Amino acid sequence: RQLVDKCDAFRLTSPNALVQIPLAGSAEAKVAQLAERVQQLVMALQKRCDEDKEELEVQMDKIHARLEARMGALERGEDGTLGREATWLREARGMIGAALTEAQGQWRQELAQMKGEQRQQLGLLEELADASRQSSARMEKAERALQVHERSVRRSEEQLKAISKIQEVP
């Protein structure tokens, strides 16, 4: 129990910084704090993944738009190319479009897989928090029983001292 009360916990204040803070209170409060912090971290990670996905999709759309504009200019012959080169450009445009679509699909698949893994990890963390709460409750129960035994031992010692004083007096 003393180890649990005196232990230190870490919390993330930024992605690259760790700050050491002591936890106060019972083990149950510490478990609740841990579970809350884990939930916050998972939510922050999920939000960050969503933001990164949106940012990548915006960048891909911008690249696609620039590519479309450049291909259109080349197809119209604005740079002096005609005929066969325009056909090649259309084929290249089709291949690039297909590659972009495939990359987006792979990104979505990877994101879905990562979210599934996060859900599994969150489930495991919640199970760990529940197990910690149960252990904490058992530990507190054992401490109460130990305190009762300590009081009983003290009373017995006091009774023995009283008996020994009575026997010494002639």
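Everything below is about the structure shown above.
All values derive from a computational prediction rather than experimental measurement.

1. A few points about the overall build of the protein
- Each helix and strand in the protein was counted, giving three helices and two strands.
- Counting only contacts in the protein whose residues sit at least 6 apart along the sequence, the fraction spanning at least 24 positions is 56%.
- Element-wise, carbon and sulfur atoms account for 56% of the exposed surface of the protein, whose accessible area totals about 13,300 Å².

2. Focus on a negative patch on the surface
- A contiguous patch of negative charge, built from Glu-51, Asp-52, Glu-54 and Glu-55, is present on the exposed surface.
- Here Glu-51 is to be found in helix H2 (residues 27-75).

3. A short note on the side chain of Ser-136
- When you line up the elements, Ser-136 lands in helix H3 (residues 84-168).
- Once residues within four sequence positions are removed from consideration, Ser-136 is found in contact with Ala-27 and Glu-28.

4. Description of the pattern of salt bridges
- Under the definition given, this model contains six salt bridges.
- As a salt-bridge pair, Lys-53 and Glu-57 come within 3.8 Å of each other at their nearest N and O atoms. With Lys-53 and Glu-57 both in helix H2 and four residues apart, this pair spans about one turn of that helix.
- Judged by its relative accessible area of 22%, Lys-53 is partly exposed.
- Here Asp-130 makes a salt bridge to Arg-133, at a shortest N to O gap of 2.7 Å. Of this pair, Asp-130 and Arg-133 both sit in helix H3, three residues apart, which is roughly one turn of that helix.
- What emerges from the salt-bridge pattern is a single network uniting Lys-53, Glu-57 and Arg-108.

5. Thoughts on the environment of Leu-34
- With respect to the element layout, Leu-34 can be found in helix H2.
- Residue Leu-34 is classed as partly exposed on the basis of its relative accessible area, which comes to 47%.
- Note: C-alpha distance between Leu-34 and Leu-125 (91 residues apart in sequence) is 9.5 Å.

What counts and how
- Residues numbered from 1 in each chain as written.
- Predicted model: local features only at pLDDT ≥ 70, side-chain atom pairs only at ≥ 80, totals over all residues.
- Heavy atoms only, no water.
- Helix = DSSP H or I, 4+ residues; strand = E, 2+ residues; numbered from the N terminus.
- Contact = heavy atoms within 4.5 Å.
- Areas by Shrake-Rupley, 256 points an atom, 1.4 Å probe, with all protein chains shown as cover.
- Patch = residues over 30% accessible without salt bridge, like charges linked within 9 Å, V, L, I, M, F, W, Y side chains within 5 Å.
- Salt bridge = Lys/Arg side-chain N within 4 Å of Asp/Glu carboxyl O.
- Lys, Arg positive; Asp, Glu negative; His and termini not counted.
- Charge placed at Lys NZ, Arg CZ, Asp CG, Glu CD.
- Buried < 20%, exposed > 50% of the residue type's maximum accessible area, 1.4 Å probe, protein only.

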